[in-house]
Amino acid sequence: MNRHPYLMPLKKDHDAGKVTRREFLRTATLLGVSSATAYGMIGLVDPVSAADHMPKGGTLRVETTVYDIKSPATATTTADPMIFAQVVEHLTQTGTDNITRPHLLESWEPSADLKTWVLRVRQGVKWHDGRQFTADDVIWNLKRLLSDETGSSVLGLMKPYLLKEVDTGEKDDNGNAVIRHELWAENAIEKTDEMTVTLNLAEPQLAVPEHLYHYPAVMMDPEGGGIFDVDTVGTGAFRLTEMEVGRRAVIEAVDDYWGEGPYLDRVEFIDVGGNAQAIMNALLSGQVDGSFTVQPEFAAPLDARENLQRYEVVTADTAITRMNLNHKPFDDARVRKAFRLALDAPRAAEAAFGPFASPAEHHHVSPVHPEYAELPPMARDVEAAKALLAEAGYPDGVEVELTIQQNPPHHLRSATVMQEMWKDAGITCNINVVPNGQYWDVWTTAPLGTTVWAHRPLGVINLSLAYRSGASWNESAYANETFDELLTKAESFPDPRERSKVMADIQALLQEDGPIIQTYWRKLVTYYDKRVMGFAMHPTSQVFFNKMAIQSA
Amino acid sequence: MVRKILSRLAQYGFTLLAASFLLFTLTEFSPGTVASKILGPYALENQVALLNAQLGLDEPLLHRYVDWLQTLVGLSPNLLPEAAPGLGLSDPRGDKYFGNFGYSLMMKEPVLDVLADRIGHTAWLSAWALGLTIPISLLLGTLAGMHAGSSVDRVISTVTVTLTSLPEFVVAVGLLLIFVASLGWLPGTSSLQPGDQWSTGAQLVLPVTVLLIASGAYLTRIVRASVAETMQADYVRTARLKGLSPRRVIWAHVLRNAMIAPITVILLQVNWILTGVVVVEAIFAYPGLGSLMLRAALFGDIFTVQALTMLALSVALITQFLGDVAYAILDPRIRVD
């Protein structure tokens, strides 16, 4: 196997102390080195392969919302894969350490220009019915996920480098052209041999392994037509044996899983309606052994319980208050900057979350991202904000409406803090709280709205999805050629330090001209009974039940 | 009498039809489309437009209402399973049957199945709540009303006025703090999961208690006022003066006449407990119709909301009908009119 040319310089940098251990591991695995080899290159043992002796058997009861998951391809929340990803698996897996490793793949190998990715399918992986997992399965799934008919969000994610738009010549009822998507080239997804798939990209892409762990991108058995249900054939450590949407689901261990575990016999998913109070109640009275997540407001009574262990992780999970440039006054960069300058982000984060968040810097790149560049603090400057508003033609200030989701309640707390701070700069903000479902109808069109963005392991992933001109999830209608060029440049550097130099410019540009206001990064928190072993909080709340066990009472 | 009942039933039928049209029209104004609910926020516009077209959502409102009504009464099939084969929708009753409310967008199952699971749980909770609320309220209210102004009346009145003024969620959180967080005597949720370490009985204690307090205190106040007023009536004084025993006065003269107002309230409580116990069910994670309504409304699951609203309307009409019959039995003057 050809190793990526950057690998040896990376190791030298690590040995010289220029790159941290985590950065080395993340980048080396990204460049196609197996996790165990990457750990071995710096004299360590991969913790994944060093699992302690775990107790066998038992049933784990976990609280989560049991959504309908018949169509994993159209999953829309990170709670969905908590159940289905135990049965049908991803090609890659981002671990609790934020490092992405091959999973159903044995390895990947990018070309030096990051435009060709060779995906090697893991040998010895079998579907539950005994059939070998092969390149054909990978190709069937990728093509299905990328088709318009499937309706998966994977399409929006991979569209820039795998698809092209085709105008059908038809018009819809509103007179808009009906657009379809096709692979950008015939060989975009190519079968090299029975166990190898080559992705030929339209443009360089660094984050292919991370994209393959996007939650709907699980490998379904082609014979099942992409439907997930009780007894669906997968490659995972468990089978789904019961499913009652809104109530409960049960998975049971399979005998001959290809990977680690499973140690548990059975996992029961208990739905208590998603009510934060009910989740706490269920944990307090021992009706569940753990929970998907817990709202920080309920931490105190749970901390007081001796049998419960708190788990938390610092993430790049956040909410972005984005200004839509199609609406006045946000079409003016001076106004956008004034909205940022009028805020004291550290105080806003503290007031809304206490110890359960860290301050952000209005550029959507987190200190947990490997390419994060530290910039001088963007301090609050109310006078400068007023001056910018006046310069933009709003000497008496502006009045705006901020649309936020009803749940979780911290959206309203955060919005209220911003509302109060903005008052000093002459910005009158009316908060419009809408049910969560209703928000998703206006998230790309509301003039000012707060949108939740889940953690993604690399900073460039979010920037590419949300702020590149014409990007699928560009909710602010931001279009800036300089930004696009810088981002494309950043995406071409596998070395996080090189990327970081470009990111410094991108981050500064977003602070100056960007369409967002961002005051916090959220910590994710949950609790498990102390008898539960092998759990670690994942930055997108994923749980690997095959690695977990429970000690008998 | 029979003609009167038939006339009422015809009125109810018309009310249901008119309400169904209003309901259908109102849900038109709910945000988003069926397709955007199914595909979620991250689907691209053209993906949503494709599914919308397949579902025929571009027809005029009246046309779609007639389609919906025809599907409801079993004359035409639901289009969703064919338009979105990737969702794996199927209905064991076939595609044409009476009562076909379509598929829950949230659960991707026939609405009837979603409701059927919940109705039993709500009926069970209601039976316990009403089975305790009605006798206890009648007993305490009658006791207080018979002895209006006495210390017994003052104690009952003070307690019930206080409890009536407490919202359900305050009572629920208070009871949770005491019996779950502090004492650990009772389970914090009542999700009735198989294999739960807490018995079903233990799981019902807190929600039933909250409902008992929420509706019982109010009902006791109504019974007390009605009994106290009846106790002042001339015919009660006459009954006493002619030497009837107090027990006979109460049973034969006071209770029967004092029950008209409480029956109205009892039927309203039945209506509420059967279809609208949203707060209690959400806090205790009770798998009934109230928590389903909340979840469906927040999700924008319009077909489930439509079915639940029609169900609530039917329950309201049934309780109203029972109320009319009960008044006629209790008061001969109503029968004659």
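Residues numbered from 1 in each chain as written. Chains lettered and ligands numbered in written order. Predicted model: local features only at pLDDT ≥ 70, side-chain atom pairs only at ≥ 80, totals over all residues. Heavy atoms only, no water.

Asks: Residue-level account of the overall build of chain A, with values.
Replies: Scanning chain A from terminus to terminus reveals 17 helices and 22 strands. Its C-alpha atoms give chain A a radius of gyration of 24 Å, within 12% of the compact-globule value 24 Å for 553 residues. Viewed in the frame of its principal axes, chain A has a C-alpha envelope of about 70 × 60 × 55 Å. Out of the 553 residues belonging to chain A, those deemed buried represent 61%. Nonlocal contacts in chain A, meaning residues at least 24 apart in sequence, comprise 69% of its contacts between residues at least 6 apart. In the form shown here, chain A has an accessible surface area of approximately 20100 Å², with 49% of it arising from carbon and sulfur atoms. (Helix = DSSP H or I, 4+ residues; strand = E, 2+ residues; numbered from the N terminus. Rg over C-alpha atoms; globule rule 2.2 N^0.38 Å. Buried < 20%, exposed > 50% of the residue type's maximum accessible area, 1.4 Å probe, protein only. Contact = heavy atoms within 4.5 Å. Areas by Shrake-Rupley, 256 points an atom, 1.4 Å probe, with all protein chains shown as cover.)

Asks: Tell me about the interface of chain A and chain B, residues and numbers included.
Replies: The interface is formed by 53 residues belonging to chain A together with 49 residues belonging to chain B. For the pairing of chain A and chain B, the buried interface totals around 4000 Å² over both sides, and the portion due to carbon and sulfur atoms is 52%. Of all residues in chain A, Lys70, Arg247 and Gln287 of chain A give up the largest surface area on contact with chain B, accounting jointly for 15% of the area buried on that side. Counting the contacts that link chain A with chain B gives three salt bridges. The tally of links between chain A and chain B comes to 15 residue pairs in polar contact (both at pLDDT 80 or more). Breaking the side of chain A that touches chain B down by element, the ones donating at least two residues are helix H6 (154-162), strand S7 (177-183), strand S12 (266-270), helix H8 (276-284) and helix H14 (436-442) of chain A. Ranked by residues supplied to the side of chain A that touches chain B, first place goes to H8 of chain A with five residues. Considering only residue class, the side of chain A that touches chain B consists of 15 nonpolar, 23 polar and 15 charged. (Buried area = accessible area lost by both parts, 1.4 Å probe. Salt bridge = Lys/Arg side-chain N within 4 Å of Asp/Glu carboxyl O. Polar contact = N/O pair within 3.5 Å; in protein donor to acceptor, adjacent residues only side chain to side chain. Nonpolar A, V, L, I, M, F, W, Y, C, P; charged D, E, K, R; others polar.)

Asks: Please give an account of the sheet that holds strand S4 (residues 105-110) of chain A that cites residues and values.
Replies: Note: strands within a sheet are paired through backbone hydrogen bonds, in either parallel or antiparallel orientation. Residue and element names in this part refer to chain A. The strand order across the open sheet built from four strands is S4-S5-S9-S8, with neighbouring strands paired in antiparallel fashion. Looking at strand neighbours, the two that pair on one side only are S4 and strand S8 (189-193), the edges of this open sheet. The sheet shows a mean angle of 20 degrees between the axes of neighbouring strands, direction not considered. Where strand S5 (residues 116-121) meets strand S9 (residues 196-200), five bridges bridge the pair, whose relative direction is antiparallel. Each bridged residue has a counterpart across the sheet, and for Arg120 the counterpart in S9 is Thr196. Sheet strands in contact with helix H5 (residues 135-145) are S5, S8 and S9, and its direction is about 180 degrees off that of S8. (Pairing = 2+ DSSP bridges. Axes fitted to C-alpha atoms, helices over the stretch in contact; angles between N-to-C directions.)

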